[in-house]
Amino acid sequence: MSKIADLLGSEAKNLLEHKCNTIPKESLHLPGGDFVDRVFSKSDRNNRVLGNLEWLYYHGRLKGSGYVSILPVDQGIEHSAGASFAPNPAYFDPENIVKLAIEGGCNGVASTLGVLGLVSRKFAHKIPFIVKINHNEFLSYPNRYDQKMFASIKQCWDMGAVGVGATVYFGSEESTRQIEEVSAAFDEAQSLGLFTVLWCYLRNSGFKKDGVDYHTAADLTSQANHLGVTIHADLIKQKMATNNGGFTAVNFSKTSKLVYEKLSSDHPIDLVRYQIAGCYMGRIGMINSGGESGQNDLQQAVRTAVINKRAGGQGLISGRKAFQKPMKDGIELLNAIQDVYLDKSVTIA
């Protein structure tokens, strides 16, 4: 705890001692070593999906804890390979991506069909593979933002992947088509025994209002999560909430004043807890993203992990903070994140 508190600095007391008075922790389905038995075994997921989920939860340094640490590397498409890998060109090579996940103690590695397919015979039996099946390619001019399918479910299954991941840009003009495509793909994946992970992102220029960016508002992202679990996501990946009141500020859709007066507050842990409420009160785990790489990556990653864990989340997915530096430093950062989830003194708020 002392190392975690040191990294949190002046925020340590506020984050480590906060008591949530919004949605009580007793209302949540919290992570634990029995999560697959306690939650998924009662669902319509088939035995192969249950087995692959169990491997994910019982792999890496966090095995058996109910928490997950996943290395995601699809930024070569989503942000361009040059922008993503120039800080450490070793990660142009797919093998180094998987090696970082293994040596970093991750539960699984998520990447593109090309990356994972090229090294599947060497690594698919050593660490859970999660193939990202759709992407926003970043070479069209002018740049546009639309998630399009890059891989088939059969290709993922053939290489020995145990899960698939996809993104939906909720709120965008293309979201209806994306929802339909991803829902159909998830249905096929689960029928073959692959679990599903959904990147529940918001994208609409209208979500920026009066100088405030509501793409990470707790109310909007929680609703995105709720749509994501509706199309059978087994795990939700969401950006950490940083504000609230997106529905009221943009003045669209429907909400309730109780969302802001009773079910959430301005505290970061309470904001993330409301995101988890959208995931069927934690029956579907929510992992937050580590964000882009910057000056204080270690401190920021640990801060995000503490907030996610204390809110009732299920882990962290950290890409650029881990691979845009020497592998040794990337492993240290991944381990620091995992240490938060392994530290029993960091409790649910």
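Here is a short report on the structure shown in this document. What you are looking at is a predicted structure, and each value in this text was computed from that prediction instead of being measured. (Residues numbered from 1 in each chain as written. Predicted model: local features only at pLDDT ≥ 70, side-chain atom pairs only at ≥ 80, totals over all residues. Heavy atoms only, no water.)

Another aspect to go through is the pattern of salt bridges. By the definition in use, this model includes 16 salt bridges. Between glutamate 78 and lysine 132 there is a salt bridge whose closest N-O contact spans 3.9 Å. Taken together, the residues span a long stretch of sequence, with glutamate 78 in helix α5 (residues 75-85) and lysine 132 in strand β3 (residues 129-132) at a distance of 54 residues. Connected via shared salt-bridge partners are Asp44, Arg45 and Asp234. (Salt bridge = Lys/Arg side-chain N within 4 Å of Asp/Glu carboxyl O. Helix = DSSP H or I, 4+ residues; strand = E, 2+ residues; numbered from the N terminus.)

With respect to the helices, strands and loops of the structure, asparagine 204 is situated in the loop between β7 (195-202) and β8 (208-209). Separated by 45 residues in sequence, asparagine 204 and methionine 159 have C-alpha atoms that sit 35 Å apart. In this structure, asparagine 204 is in contact with Gly171 and His215, ignoring residues within four places of it in sequence. Here glycine 171 takes part through its backbone oxygen, which lies 2.7 Å from a polar atom of the side chain of asparagine 204. (Contact = heavy atoms within 4.5 Å. Polar contact = N/O pair within 3.5 Å; in protein donor to acceptor, adjacent residues only side chain to side chain.)

Before going further, it helps to spend a moment on helix α10 (residues 175-191). For α10, spanning 17 residues, the distance from its first C-alpha to its last is 24 Å, which sits close to the expected 24 Å at 1.5 Å a residue. Of the residues making up α10, those classed as buried are Ser175, Gln178, Val182, Ala185, Phe186, Ala189 and Gln190. Along the axis of α10, the buried residues cluster in a sector spanning 125°; they form a single face. Projecting away from the buried face of α10 at angles above 90 degrees are the exposed residues Thr176, Glu180 and Asp187. Where α10 is buried, its residues meet α4 (47-57), β4 (134-135), β5 (148-149), α9 (153-158), β6 (163-170) and β7. A positive phi of about 100° marks glycine 193, the residue just after α10. (Expected span 1.5 Å × (residues − 1). Buried < 20%, exposed > 50% of the residue type's maximum accessible area, 1.4 Å probe, protein only. Arc of directions from axis to C-beta.)

Looking now at the nonpolar core. Core analysis: the biggest nonpolar cluster contains 112 residues, and Leu71, Phe129, Leu198 and Ile236 have the highest contact counts within it. Dropping the residues within four chain positions of it, phenylalanine 129 is found in contact with Val98, Val109, Leu116, Val119, Ser120, Phe123, Ala124, Met159, Ala161, Val162 and Gly163. (Core = buried A, V, L, I, M, F, W, Y, C linked by side-chain atoms within 4.5 Å.)

This brings us to α5. Every buried residue of α5 is listed here: Gln75, Glu78, Ser84 and Phe85. Buried residues of α5, seen end-on, are gathered within an arc of 90° and therefore sit on one face of the element. Of the surrounding elements, those touching the buried residues of α5 are β1 (68-73), β3, β4, β6 and α16 (320-323).

All right, on to the packing of helix α11 (residues 218-230) against helix α14 (residues 268-277) then. Running from N to C, α11 and α14 cross one another at 25°; their axes reach a closest spacing of 7 Å. Considering the angle they form, α11 stands roughly parallel to α14. Helix-helix and strand crossings are classified by hand; for α11 and α14 the assignment is right-handed. Between α11 and α14, the contacting residues are Ala218, Asp219, Thr221, Ser222 and Asn225 on the first element and Leu271, Tyr274 and Gln275 on the second. Of the residues contributing to the contact of α11 with α14, the split by class is three nonpolar, four polar and one charged. (Axes fitted to C-alpha atoms, helices over the stretch in contact; angles between N-to-C directions. Parallel < 35°, antiparallel > 145°, perpendicular 65-115°, else oblique. Left-handed = near helix turned anticlockwise from the far one by under 90°. Nonpolar A, V, L, I, M, F, W, Y, C, P; charged D, E, K, R; others polar.)

All right, on to the state of the cysteines then. Overall, the coordinates contain zero disulfides when judged by the stated rule. Cysteine 279 carries a free sulfur, and the closest cysteine sulfur to it, the one in cysteine 200, is 7.2 Å from it. Residue class for cysteine 279 comes out buried when judged on its relative accessible area of 0%. (Disulfide = S-S within 2.5 Å.)

Next up on the list: the packing of aromatic side chains. For the structure shown, the criterion picks out nine aromatic pairs. Summarising the aromatic geometry, the rings of phenylalanine 85 and phenylalanine 323 are spaced 5.6 Å apart at their centres and angled 55° between planes, so their arrangement reads as tilted. With phenylalanine 85 in helix α5 and phenylalanine 323 in helix α16, this pair connects stretches of sequence that are 238 residues apart. With respect to burial, phenylalanine 85 and phenylalanine 323 carry one shared label: buried. Aromatic ring contacts, followed pair by pair, group Phe85, Tyr91, Phe92 and Phe323 into a single cluster. (Phe/Tyr/Trp six-rings, centres within 6.5 Å; stacked < 30°, edge-to-face > 60°.)

So, about the sheet that holds β1. The eight strands lie next to each other as β1-β2-β3-β6-β7-β10-β11-β12, forming a closed barrel whose pairing is parallel. The mean inter-strand angle of the sheet, taken between neighbouring strand axes irrespective of direction, is 25°. As paired elements, strand β11 (residues 285-289) and strand β12 (residues 315-317) share three bridges and run parallel to each other. The residue bridging serine 289 from the neighbouring strand is isoleucine 317, located in β12. Sheet strands touched by α10: β6 and β7. Its angle to β6, the strand with the most contacts, is close to 165°. (Pairing = 2+ DSSP bridges.)

Attention now moves to the packing of helix α15 (residues 297-311) against helix α17 (residues 327-342). For the pair α15 and α17, the least separation of the axes is 9 Å and the interaxial angle reads 25°. The pairing of α15 with α17 is recorded here as roughly parallel in orientation. Crossing angle aside, the handedness with which α15 passes α17 is right-handed. Between α15, through Asp297, Leu298, Ala301, Val302, Ala305, Val306, Asn308 and Lys309, and α17, the contact on the second element is made entirely by Glu332, Leu333, Ala336, Ile337, Val340, Tyr341 and Leu342.

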